[in-house]
Amino acid sequence: MGNVGRVPVGIIGASGYGGVQLVRLLADHPAAEVVYLGGDSSAGKPYSSLYPHLTNCVDLTVEAIDLDKIAAKCEVVFLSLPNGLAYQMAPTLIEKGCKVLDLSADYRFENLDTYKAWYGGDRSDSALAATAVYGLPELYRDRIKNAQLVGCAGCYVTASLLALAPLLKQGIIVPETAIIDAKSGSSGGGRKAEINLLLAEADNSIGAYGVGRHRHTPEIEQVCSDLAGHDIKVQFTPHLMPMVRGILATVYANLRDPGLVREDLITIFSAFYRNSPLVKVLPAGVYPQSKWACGTNLCYIGVEVDPRTDRVIVMSAIDNLIKGQAGQGIQCMNLMMGWEETLGLPQLAFYP
Ligand SMILES: NC(=O)C1=CN([C@@H]2O[C@H](COP(=O)(O)OP(=O)(O)OC[C@H]3O[C@@H](n4cnc5c(N)ncnc54)[C@H](OP(=O)(O)O)[C@@H]3O)[C@@H](O)[C@H]2O)C=CC1
Ligand SMILES: CC(=O)N[C@@H](CCC(=O)OP(=O)(O)O)C(=O)O
């Protein structure tokens, strides 16, 4: 870090998993420089004491959160905090001229009543929330370019929506028949001590949770309704997998035209994402694995048709911490700053 001429960036919530991805990715970003790291219980600690593997590239200490000071220092601020905190901070940062990217759910909802119903809290920032743009570049690229406040899409939501968007937008499926079966690595739960995230609980085991009531459901439905042009409901079931990172969403839906074959749909998906360099539509018969996206900002999509049931099956793989969180935020920042969308975003996975 310490590069003259780069845009000064702050990260509030730098000590968490999203924060450390941002620090790592921005350390290699040619146009941005991290100048502020903020936290709560980690305030006062050298960042390298939290993440010793970054000792040689980060020489900052985590600071207590002082919004005036942050706004004076930073042109862009990432908020990587538990839900319910960003809406207490963003108004001040926006008022002072910062561009703000929130990785939590606080600014993802068009209707704050929906947010309150699923997340609780008392919102007095409805005017500002109405200006927030939903941070999924593949669907809302032009709006993000002009935004000052972006509520970045959630991890499961990103995988699910990138699988569903071409189908809904082109009217290829009966929207209400969409079922999303998604699996996540345990880092989706953040860097905190929770019993279900312990190695002894999560290893060698797979289980569903939040069945019929996961808080990503209304977020998925909001964007699906926008794409379909009318209100729709979807079925979404997440599972915790015995792995650290990655999401695989498998989406099923009934085709309106049973005559469609997978090659037709692959052509449609490829055309839909032709200007989205970070979405990779796979050839016929190739189905993505979460490992392929590990450490990258890519989304891999495989498409199949089952002619016996007239259903399309779309599989979508991302890294929950990159395309599902920090990388998505950086992709949005690139657009907001008028930079190349892919700047500083890795596209080569570790393998195996
Ligand atoms: N993990 C994932 O895969 C994804 C997460 N998200 C969302 O991104 C956000 C961050 O998630 P993640 O990085 O996993 O979370 P972590 O639990 O790993 O990190 C949370 C961060 O928030 C800080 N924090 C906690 N409480 C407070 C507080 N009261 N005041 C100030 N700072 C506080 C912590 O600071 P300290 O350590 O100093 O106490 C820490 O830096 C969440 O909203 C999450 O829902 C979105 C997509 C994917
Ligand atoms: C495995 C695990 O616990 N995953 C988290 C993922 C959600 C998350 O991190 O929240 P956002 O993407 O909405 O910000 C969960 O199910 O709550």
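Residues numbered from 1 in each chain as written. Chains lettered and ligands numbered in written order. Predicted model: local features only at pLDDT ≥ 70, side-chain atom pairs only at ≥ 80, totals over all residues. Heavy atoms only, no water.

Caption draft 1: Summary view of the pairing of strand S12 (residues 299-306). Burial analysis of S12 places eight of its eight residues in the buried class, the great majority of the element. Where burial is concerned, the two faces of S12 agree: the one with Cys299, Ile301, Val303 and Val305 and the one with Tyr300, Gly302, Glu304 and Asp306 are both buried. Pairing analysis gives three bridges linking strand S11 (residues 279-281) to S12, with the strands arranged parallel. Pairing of Val281 across the sheet is with Ile301, part of S12. (Buried < 20%, exposed > 50% of the residue type's maximum accessible area, 1.4 Å probe, protein only. Helix = DSSP H or I, 4+ residues; strand = E, 2+ residues; numbered from the N terminus. Pairing = 2+ DSSP bridges.)

Caption draft 2: Spatial organisation of the UniProt feature "domain: Semialdehyde dehydrogenase NAD-binding" (unreviewed entry) in the protein. Following the UniProt record, one finds the feature "domain: Semialdehyde dehydrogenase NAD-binding" (unreviewed entry) at residues 8-147. The annotated region residues 8-147 carries 38% helix and 16% strand content, and the separation between its end C-alpha atoms amounts to 18 Å. (UniProt positions renumbered as here; feature names shortened; annotations may be inferred.)

Caption draft 3: Molecular detail of the site of ligand 2. Taken together, 14 residues are adjacent to ligand 2, and Arg108, Cys155, Tyr209, His214 and His216 come closest. Within the contact set of ligand 2, an oxygen atom lies 2.8 Å away from a side-chain nitrogen or oxygen of Arg108. Within the side chain of Arg215, a nitrogen or oxygen atom sits 3.1 Å from an oxygen atom of ligand 2. Of the residues in the shell around ligand 2, the class split is five nonpolar, seven polar and two charged. (Near = heavy atom within 4 Å. Polar contact = N/O pair within 3.5 Å; in protein donor to acceptor, adjacent residues only side chain to side chain. Nonpolar A, V, L, I, M, F, W, Y, C, P; charged D, E, K, R; others polar.)

Caption draft 4: Quick look at the UniProt feature "active site" (unreviewed entry) in the protein. Taking the numbering used here, the UniProt-annotated feature "active site" (unreviewed entry) corresponds to Cys155. Among the structural elements, Cys155 can be located in helix H8 (residues 155-169). Residue contacts for Cys155: discarding those within four places in its chain leaves His216, Ile247, Ile318, Asn320 and Gly324. (Contact = heavy atoms within 4.5 Å.)

Caption draft 5: Structural view of the sheet that holds strand S6 (residues 149-152). Spatially, S2-S1-S3-S4-S6-S5 is the arrangement adopted by the six strands of the open sheet, whose pairing is parallel. Among the strands making up the open sheet, the edge pair consists of strand S2 (32-38) and strand S5 (133-135). Strand after strand, the sheet turns through a mean of 25° between neighbouring axes, direction not considered. The pairing of strand S3 (residues 76-79) with strand S4 (residues 99-102) spans four bridges and is classified as parallel. In the strand pairing of S4, Val76 is matched with Lys99. Where helix H1 (residues 17-27) meets the sheet, its contacts fall on strand S1 (7-12), S2 and S3, and the angle it forms with S1 comes to roughly 160°. (Axes fitted to C-alpha atoms, helices over the stretch in contact; angles between N-to-C directions.)

Caption draft 6: Fine view of the site of ligand 1. Taken together, the neighbourhood of ligand 1 is formed by 28 residues, with Ser15, Gly18, Ser41, Ser42 and Leu81 sitting nearest. The contact in question runs from an oxygen atom of ligand 1 to an N or O atom on the side chain of Ser15, over 2.6 Å. With the chains in place, 83% of the 900 Å² that ligand 1 exposes on its own is no longer accessible. In a pocket analysis with a 2 Å cut-off to the grid points, ligand 1 is assigned to the largest pocket. Elements supplying a minimum of two residues to the shell around ligand 1: H1 and helix H12 (322-336). Here the residues of the shell around ligand 1 sort into nine nonpolar, 16 polar and three charged. (Areas by Shrake-Rupley, 256 points an atom, 1.4 Å probe, with all protein chains shown as cover. 1 Å grid on protein atoms, 1.4 Å probe; cavity = no way out; pocket = protein on both sides within 12 Å on 5 of 7 lines; lining within 4 Å. Sits in = over half its atoms within 2 Å of the grid points.)

Caption draft 7: The state of the cysteines, seen in detail. Per the counting criterion, the structure on display carries zero disulfides. Cys155 takes part in no disulfide bond, and the closest cysteine sulfur, belonging to Cys152, lies 12 Å away. Residue Cys299 stays outside any disulfide, its sulfur separated by 13 Å from that of Cys155, the closest cysteine. Relative accessible area serves as the criterion here: at 0%, Cys299 is assigned to the buried category. (Disulfide = S-S within 2.5 Å.)

Caption draft 8: Fine view of the packing of H8 against helix H11 (residues 262-272). H11 packs onto H8 with a crossing angle of 100° between their chain directions and a minimal axis gap of 10 Å. Taken together, the axes of H8 and H11 are roughly perpendicular relative to one another. Along its contact with H8, which presents Leu162, Ala163, Ala165, Pro166, Leu167 and Lys169, the element H11 presents Leu265, Phe269 and Phe272. Its residues assigned to classes, the contact of H8 with H11 shows eight nonpolar, no polar and one charged. (Parallel < 35°, antiparallel > 145°, perpendicular 65-115°, else oblique.)

Caption draft 9: Quick peek at the environment of Pro238. With respect to the secondary-structure elements, Pro238 resides in strand S9 (residues 235-240). The class of Pro238 is buried, set by a relative accessible area of 0%. Each C-alpha atom, one on Pro238 and one on Arg143, is 29 Å from the other, the two residues being 95 residues apart in sequence. Not counting the four nearest positions on each side in its chain, Pro238 is found in contact with Tyr156, Ala182, Gly207, Ala208, Tyr209, Gly210 and His214.

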